[in-house]
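Below are the chains, spelled out letter by letter.
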Amino acid sequence: MSVPLPTEGTRWRCTLCGNLTRFDVTRSSRVVEFVHLDLAGESRVEEREVLSETVESVRCRWCNAVDQVELVDRPGAEAEAAAQAGRTEA
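First, a word on scope: everything that follows refers to the structure included in this document.

Reading the values: rules and limits
- Residues numbered from 1 in each chain as written.
- Predicted model: local features only at pLDDT ≥ 70, side-chain atom pairs only at ≥ 80, totals over all residues.
- Heavy atoms only, no water.
- Helix = DSSP H or I, 4+ residues; strand = E, 2+ residues; numbered from the N terminus.
- Contact = heavy atoms within 4.5 Å.
- Buried < 20%, exposed > 50% of the residue type's maximum accessible area, 1.4 Å probe, protein only.
- Core = buried A, V, L, I, M, F, W, Y, C linked by side-chain atoms within 4.5 Å.

Regarding the side chain of Ser-57
Phase 1: Inspection of the secondary structure puts Ser-57 in strand 3 (residues 43-60).
Phase 2: Setting aside anything within four residues of it in sequence, one finds Ser-57 in contact with Val-3, Asp-24, Val-25, Thr-26 and Asp-67.

Considering unusual backbone geometry
Phase 1: Even without a glycine there, the phi angle at Asn-64 is positive, about 70°.
Phase 2: With respect to the secondary-structure elements, Asn-64 resides in the loop between strand 3 and strand 4 (69-73).
Phase 3: Look at Asn-64 and you get partly exposed, because its relative accessible area is 48%.
Phase 4: Positioned with a positive phi, Asp-67 is a non-glycine residue whose angle comes to about 55°.
Phase 5: By secondary structure assignment, the location of Asp-67 is in the loop between strand 3 and strand 4.

Concerning the environment of Arg-13
Phase 1: In this structure, Arg-13 sits in strand 1 (residues 10-14).
Phase 2: When the C-alpha positions of Arg-13 and Val-72 are compared, they lie 6.6 Å apart, and in sequence the two are 59 residues distant.
Phase 3: Every residue in contact with Arg-13, bar those within four places of it in the chain, is listed here: Gly-18, Asn-19, Leu-20, Phe-23, Gln-68, Val-69, Glu-70 and Val-72.

Let's talk about the nonpolar core
Phase 1: Judged by nonpolar contacts, Val-3, Trp-12, Cys-14, Phe-23, Val-55, Val-58, Cys-60, Ala-65 and Val-69 together constitute the single largest core of 9 residues.
Phase 2: When residues of this core are traced back to their parent elements, those giving at least two are strand 1 and strand 3.
Phase 3: Per element, the largest residue contribution to this core is 3 residues, and it comes from strand 3.
Phase 4: Those residues in contact with Trp-12, other than ones at most four positions away along the chain, are Val-3, Pro-4, Leu-5, Pro-6, Asn-19, Leu-20, Phe-23, Val-25, Val-58, Val-69, Glu-70 and Leu-71.

With respect to the environment of Thr-7
Phase 1: For Thr-7, the location among the structural elements is in the segment before strand 1.
Phase 2: The exposure class assigned to Thr-7 is partly exposed, which follows from its relative accessible area of 44%.
Phase 3: Note: C-alpha distance between Thr-7 and Asp-73 (66 residues apart in sequence) is 9.3 Å.

Nothing here speaks to function; it is geometry throughout.
Quick look at the structure:
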């Protein structure tokens, strides 16, 4: 089951314990990376393009519940969105 990612107006919340801040996220990604190797052979990723990414599971760090995460509104998200909408209309 894919888990939706939080947006600017939402965040994750564990439905069992109420945790809002600590999660272990398992994700699959397809990426293209530009890797720069120095003359000693040490590598460093200088550019990264994400082609696709799927969150497979989210585990709560507090109660260890797996896939018990829901999206909830962030506090003040509605007020912030209204303020931004007012700025774009002016």
